[in-house]
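# A structural walkthrough
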Amino acid sequence: MNKLEVLAPAGDEERLAAALNYGANAVYLGRKQFGMRSSPMNFEFEQLVKAVEQAHAKGVKVYLTCNTLPRNNEIPFFERFVKEAVEAKVDALIVADIGLLMLVKRYAPDMEIHISTQTGIVNYVTARELHNMGAKRVVLARELSLDEIAEIRAKTSSDLDIECFVHGAMCVSFSGRCLLSQYLVGRDANRGECAQPCRWGYHLVEEKRPNEFYPIFEDEKGTYILNAKDMCMIEHIDKLADAGVYSLKIEGRAKSAYYVTVVTNAYRLAVDEYYKDPYNFKLPDWIREEVYKVSHRQYCEGFFFGRPDNSQYYENSGYIRNYDVIAVVDECRDGMVFCTQRNRFFAGDTVELLAPSSKPVEMKLDTLFNENGEQIETANHAMMSFSFPSEMSFPAGTVIRKAVD
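Here is a short report on the structure shown in this document. (Residues numbered from 1 in each chain as written. Predicted model: local features only at pLDDT ≥ 70, side-chain atom pairs only at ≥ 80, totals over all residues. Heavy atoms only, no water.)

## Some points on the sheet that holds strand E17 (residues 361–364)
The antiparallel open sheet is built from eight strands, whose spatial order is E17-E16-E22-E13-E14-E21-E18-E19. Because the sheet does not close on itself, it has two edges, and the strands there are E17 and strand E19 (375–376). As defined by bridge partners, strand E18 (residues 368–370) adjoins E19 across two bridges and the pair is classed as antiparallel. Residue Leu368 lies in a different strand from E19, and its bridge partner there is Ile376. Helix H9 (residues 257–276) rests against strand E13 (323–333), strand E16 (350–354) and strand E22 (399–403) of the sheet, and its axis sits at about 95 degrees to E22. (Pairing = 2+ DSSP bridges. Helix = DSSP H or I, 4+ residues; strand = E, 2+ residues; numbered from the N terminus. Contact = heavy atoms within 4.5 Å. Axes fitted to C-alpha atoms, helices over the stretch in contact; angles between N-to-C directions.)

Okay, here's the thing in structure tokens:
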């Protein structure tokens, strides 16, 4: 039985550290070019080298995205991109464009190639041919059901890995290929610049009354007619494994380090729970609850169980946030927990400490001290050092969070 891979997003060095500390088997990340997240975070070459070294030291693989649909003027820069990936020792390149696939084979014949969900793979014939062209893995389109995935698995080589997105935001357009952002604001979603217009609220305007806006109602729920819920398959690890999915991909390179921490940890724990008894898998409630303790939209199960009836949310496009990160543990010694503050909180607050691969520990912080050892009533300065007494010890990097009032 192949061990399932928990594949976590790493939008920058802080998110990478979160993924590495909280149980990812592999991470995917991008550089300034050729990736589907064009924010200024990402990784310069020196940062990429360091990231790979850190990941490999923990036995974690690194997959580098080059899954945009590049234009003619970008092609001359791709050779250097690939050769720097080889130099940095990344484990695989994720590509969507057939031309880039062939260039990778030319510039780096030994490089492992993964085919992005942007390619829109929905059948076994396409998966087979991509494998014949040199792909080691296919990231299937989000629009497939478990039955369709199982058929692809059954009719392709066992040497071909199957990866699926199992958690996070879903695009309203097929396999993420969308022209809406480019059309409305000139930001091309297929080049990592999506403005997410599918999350906007829309009104109707009659051409002779340009200043009169009429709400659009599919029903009484509202006007966010394109807004998709987030995907969450944490309760169905067994069904994903039975269908032949090898890699469980978490969406979210643009999400916070806290999101990466909690969701990676939850799926790590869920997979470990699955392997305790694969034939009688039942997710403990406390693990399920973890994915609700990050900022998220309402959840659904995507297309895995067929065409969904409840995958859109019409009232608004905002996130649900029930918890805030208040601190991160730096070290524990002499019965004290030393931390760095992230958000304001007070002595007497009840908090949760989430350590890697562990159930969260609830604790009331009755006594707080500043970095000079003086007792304080509140930690209200950004990134201030503070401590509190505890009979329990926690590893560095443990997240401390508090329920939102």
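Still more to cover.
## Comments concerning empty space enclosed by the protein
One pass over the full model with this rule turns up one cavity of 30 Å³ or more. Its boundaries defined by the atoms lining it, the largest cavity holds a volume of some 40 Å³. Leu140, Ala141, Arg142, Leu144, Ile149, Cys164, Phe165, Met231 and Phe304 together form the lining of the largest cavity. Tallied by class, the residues present in the lining of the largest cavity amount to eight nonpolar, no polar and one charged. (1 Å grid on protein atoms, 1.4 Å probe; cavity = no way out; pocket = protein on both sides within 12 Å on 5 of 7 lines; lining within 4 Å. Points joined across faces, edges and corners; volume = space filled by probe spheres on them. Nonpolar A, V, L, I, M, F, W, Y, C, P; charged D, E, K, R; others polar.)

## What about the state of the cysteines?
Enumeration over the complete set of coordinates arrives at zero disulfides. Counting only cysteine sulfurs, Cys300 is the nearest neighbor of Cys232, a cysteine outside any disulfide, at a range of 9.3 Å. Cys339 takes part in no disulfide bond, and the closest cysteine sulfur to it belongs to Cys332, at a distance of 7.2 Å. (Disulfide = S-S within 2.5 Å.)

## Here we look at the pairing of strand E7 (residues 161–168)
Of all the eight residues making up E7, eight are buried; the element is thus mostly covered by neighbouring parts of the structure. Both strand E6 (residues 137–139) and E7 contribute to a ladder of three bridges, which runs parallel. In the sheet register, Arg137 faces E7, and the bridge partner there is Asp161. Assessed by its sense of winding, the connection that carries the chain from E6 through helix H6 (residues 146–154) to E7 is right-handed. By the bridge criterion, four bridges tie E7 to strand E11 (residues 247–250) in an arrangement that is parallel. Bridging from a neighbouring strand, Cys164 pairs with Leu248 of E11. (Buried < 20%, exposed > 50% of the residue type's maximum accessible area, 1.4 Å probe, protein only. Right-handed = clockwise from strand over helix to strand, strands pointing away.)

## Let's talk about the packing of aromatic side chains
Taken as a whole and judged by the stated rule, the model has seven aromatic pairs. Taken together, a centroid distance of 4.9 Å and an interplanar angle of 65 degrees make the contact between Tyr274 and Tyr275 edge-to-face. Here Tyr274 and Tyr275 have matching classes, each one buried. Grouping aromatic residues by their ring pairs yields a cluster made of Phe34, Phe78 and Phe81. (Phe/Tyr/Trp six-rings, centres within 6.5 Å; stacked < 30°, edge-to-face > 60°.)

## Describing the side chain of Glu84
Within the fold, Glu84 resides in helix H3 (residues 78–88). Residues in contact with Glu84, not counting those within four places in the same chain, are Arg31 and Phe45.

## Looking at unusual backbone geometry
In terms of backbone geometry, most residues other than glycine have negative phi values and most peptide bonds are trans. With a phi angle near 70 degrees, Lys89 is a residue other than glycine that sits in the positive phi range. Relative to the helices and strands, Lys89 resides in the loop between H3 and strand E4 (92–95). Note on Lys89: relative accessible area 58%, which makes it exposed. With a phi angle near 65 degrees, Met383 is a residue other than glycine that sits in the positive phi range. Turning to its location among the elements, Met383 is positioned in the loop between strand E20 (378–379) and strand E21 (385–389). On the accessibility criterion, Met383 (51% relative accessible area) is exposed.

## Focus on the pattern of salt bridges
This structure, assessed with the given rule, holds 23 salt bridges. Measuring nitrogen to oxygen at the nearest pair gives 3.7 Å for the salt bridge that ties Arg137 to Asp161. Residue Arg137 is located in strand E6, and its partner Asp161 is located in strand E7; the two are separated by 24 residues in the primary sequence. Assessed through its relative accessible area of 14%, Asp161 is described here as buried. When the shortest N-O distance is used, the salt bridge between Lys293 and Glu352 registers 3.1 Å. Remark: Glu352 occurs in strand E16 and Lys293 occurs in the loop between helix H10 (285–290) and strand E12 (299–300); sequence separation between them is 59 residues. Grouping residues by exposure puts Lys293 and Glu352 together as buried. (Salt bridge = Lys/Arg side-chain N within 4 Å of Asp/Glu carboxyl O.)

## Description of the nonpolar core
When a protein is soluble and globular, its nonpolar side chains tend to lie buried together. Formed by 89 residues in total, the largest nonpolar core has its most connected members in Val27, Val90, Leu93 and Tyr267. Here this core gets 12 residues from one element, more than from any other, and that element is H9. Core analysis: the next-biggest nonpolar cluster, separate from the first, contains 19 residues, Cys339, Val351, Phe388 and Phe394 among them. (Core = buried A, V, L, I, M, F, W, Y, C linked by side-chain atoms within 4.5 Å.)

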